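Architecture at a glance
One letter stands for each residue in the lines below.
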Amino acid sequence: MELPVALRQAVDRYLEGTPLDQLRTAADLLSRRYRAETRDGRLHLDSETAMKAYLAARLPATYAAIRASMGYVAEAAPDFSPKTLIDVGAGPGSVLWAASDCWDSLEGATIIEASDAARKTGMALAVDAALPSAHWLAGDATKSLHVAKPADLVTLSYVLDELAPDAVPALVDRLWALTGHTLLVIEPGTPAGWQRILAVRSRLIEAGAHVLAPCPHEAPCPLNPPDWCHFSRRVARSRLHRLTKNAEVPWEDEKFIYLAASQQPVPTSAARVIAPPQHSKGRIELKLCLADGDVTERLVTKREGEAFRRARRVDWGDTLPTQP
């Protein structure tokens with residue numbers, strides 16, 4: 001996956017003339033803060049330099065995870081055509097770009113972000129872009145949602161890992177109250193990110209939410225540590241991306257976990273592929289999360305004809321119309 005052309009060009013213009021050494025130093029610091037899930041009262045994106053490092057080193061991957069998650073939502077709810085969006089903890093507006101790419105029905109967005117540097121960067125990237133009308137607001141995710149009106153789609157991406165755990169329940173309640181149709185929460189695809197998503201999932205189900213994706217059920221998650229649920233997107237690295245990260249490989253894999261919850265009842269879901277399919281001659285092994293709340297390993301062989309052909313087409317994160 002790559003950034004949309006218009007966004008890539010906007011990023012290139014914004015970064016033009018920035019010394020590479022400055023990007024590398026700031027990107028390394030930013031990466032260490034994210035990996036450590038540092039909560040020291042400072043915003044990760046607290047300066048123009050940090051924002052430039054984010055654009056060069058992290059934006060392609062976070063955009064890919066957000067856009068992939070939205071693709072799964074669109075697949076699970078093909079009639080969902082959101083007109084309004086609230087994005088909380090928006091950074092430079094990655095969700096706005098991804099939602100606009102996913103749904104051409106989108107007309108307007110409320111973008112809430114605490115960092116002045118992130119808001120200024122997001123607005124600069126959006127200048128002259130063919131994006132829905134956006135109202136950018138300064139605000140803390142845990143304190144400022146009273147300024148927002150309900151929207152069809154509400155999103156919170158890569159934010160929970162920056163919050164104190166005791167702040168999360170009230171935030172989830174407020175986000176759900178603002179959700180006209182679907183709430184989408186995205187986190188890094190780590191065991192800790194999965195645990196945060198499970199906590200959000202439990203609270204939303206208690207509040208009457210219907211799980212749209214990725215889970216094909218609303219039963220307790222059948223996975224147990226050290227196993228955990230997550231997905232992945234391969235991201236193409238630009239030349240600047242590679243130079244900033246001192247990387248030689250022209251791609252990277254972004255692992256993420258997401259939860260989409262709907263105010264509307266959802267049809268019984270198909271099985272979800274929750275690990276990379278294992279292919280060998282005439283055989284495909286699939287790890288499936290099932291609609292009955294169980295998880296299973298399924299071996300599909302060439303002798304099974306149509307089931308085998310169907311299994312060959314599915315990838316990690318996909319659904320199966322019926323269990324093969």
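Scroll up to find the structure this text is about.
Described below are features of the structure shown in this document. (Residues numbered from 1 in each chain as written. Predicted model: local features only at pLDDT ≥ 70, side-chain atom pairs only at ≥ 80, totals over all residues. Heavy atoms only, no water.)

1. Some thoughts on the overall build of the protein chain
- A count of helical and extended segments in the protein chain gives ten helices and 13 strands.
- Against the compact-globule benchmark of 20 Å for 324 residues, the protein chain has a radius of gyration of 20 Å, which places it among compact chains.
- Along the first, second and third principal axes, the C-alpha set of the protein chain runs to 60 × 45 × 35 Å.
- Expressed as a percentage of its 324 residues, the buried residues of the protein chain come to 52%.
- Counting every atom, the protein chain has about 15000 Å² of accessible surface; 50% of that belongs to carbon and sulfur.
- For the protein chain, the centre of its 38 positive side-chain charges and the centre of its 40 negative side-chain charges are spaced 5 Å apart. (Helix = DSSP H or I, 4+ residues; strand = E, 2+ residues; numbered from the N terminus. Rg over C-alpha atoms; globule rule 2.2 N^0.38 Å. Buried < 20%, exposed > 50% of the residue type's maximum accessible area, 1.4 Å probe, protein only. Areas by Shrake-Rupley, 256 points an atom, 1.4 Å probe, with all protein chains shown as cover. Lys, Arg positive; Asp, Glu negative; His and termini not counted. Charge placed at Lys NZ, Arg CZ, Asp CG, Glu CD.)

2. Remarks on the environment of Gln195
- Examined against the element boundaries, Gln195 turns out to sit in helix 8 (residues 191–206).
- Separated by 33 residues in the primary sequence, Gln195 and Trp228 place their C-alpha atoms 8.5 Å from one another.

3. Details of the nonpolar core
- The biggest cluster of nonpolar side chains holds 85 residues, and the ones touching the most others in it are Met70 and Leu204.
- Considering each element in turn, this core owes the most residues, eight residues, to helix 4 (residues 59–76).
- For Met70, the contacting residues outside a window of four places in its chain are Val95, Ala98, Ala99, Cys102, Trp103, Thr155 and Leu184.
- The next biggest cluster of nonpolar side chains, apart from the first, holds twelve residues, and it includes Leu286, Val300, Ala307 and Phe308. (Core = buried A, V, L, I, M, F, W, Y, C linked by side-chain atoms within 4.5 Å. Contact = heavy atoms within 4.5 Å.)

4. Brief notes about the packing of helix 3 (residues 48–57) against helix 6 (residues 116–126)
- Helix 6 packs onto helix 3 with a crossing angle of 50° between their chain directions and a minimal axis gap of 9 Å. Comparing their axes, helix 6 and helix 3 come out oblique. Where helix 3 crosses over helix 6, the two elements pack in a sense that is right-handed. Residues Glu48, Met51 and Leu55 of helix 3 form the contact with helix 6, whose own contacting residues are Ala117, Ala118, Thr121 and Leu125.
- Here the contact of helix 3 with helix 6 is composed, by residue class, of five nonpolar, one polar and one charged. (Axes fitted to C-alpha atoms, helices over the stretch in contact; angles between N-to-C directions. Parallel < 35°, antiparallel > 145°, perpendicular 65-115°, else oblique. Left-handed = near helix turned anticlockwise from the far one by under 90°. Nonpolar A, V, L, I, M, F, W, Y, C, P; charged D, E, K, R; others polar.)

5. A few points about the pairing of strand 2 (residues 108–113)
- Along strand 2, six of the six residues are buried, which leaves the element largely enclosed by surrounding structure.
- Of the two faces of strand 2, both are covered, the one formed by Gly108, Thr110 and Ile112 as well as the one formed by Ala109, Ile111 and Glu113.
- Bridge analysis of strand 1 (residues 84–88) against strand 2 gives five bridges, and the strand direction is parallel. Paired with Thr84 across the strands is Gly108, a residue of strand 2. (Pairing = 2+ DSSP bridges.)

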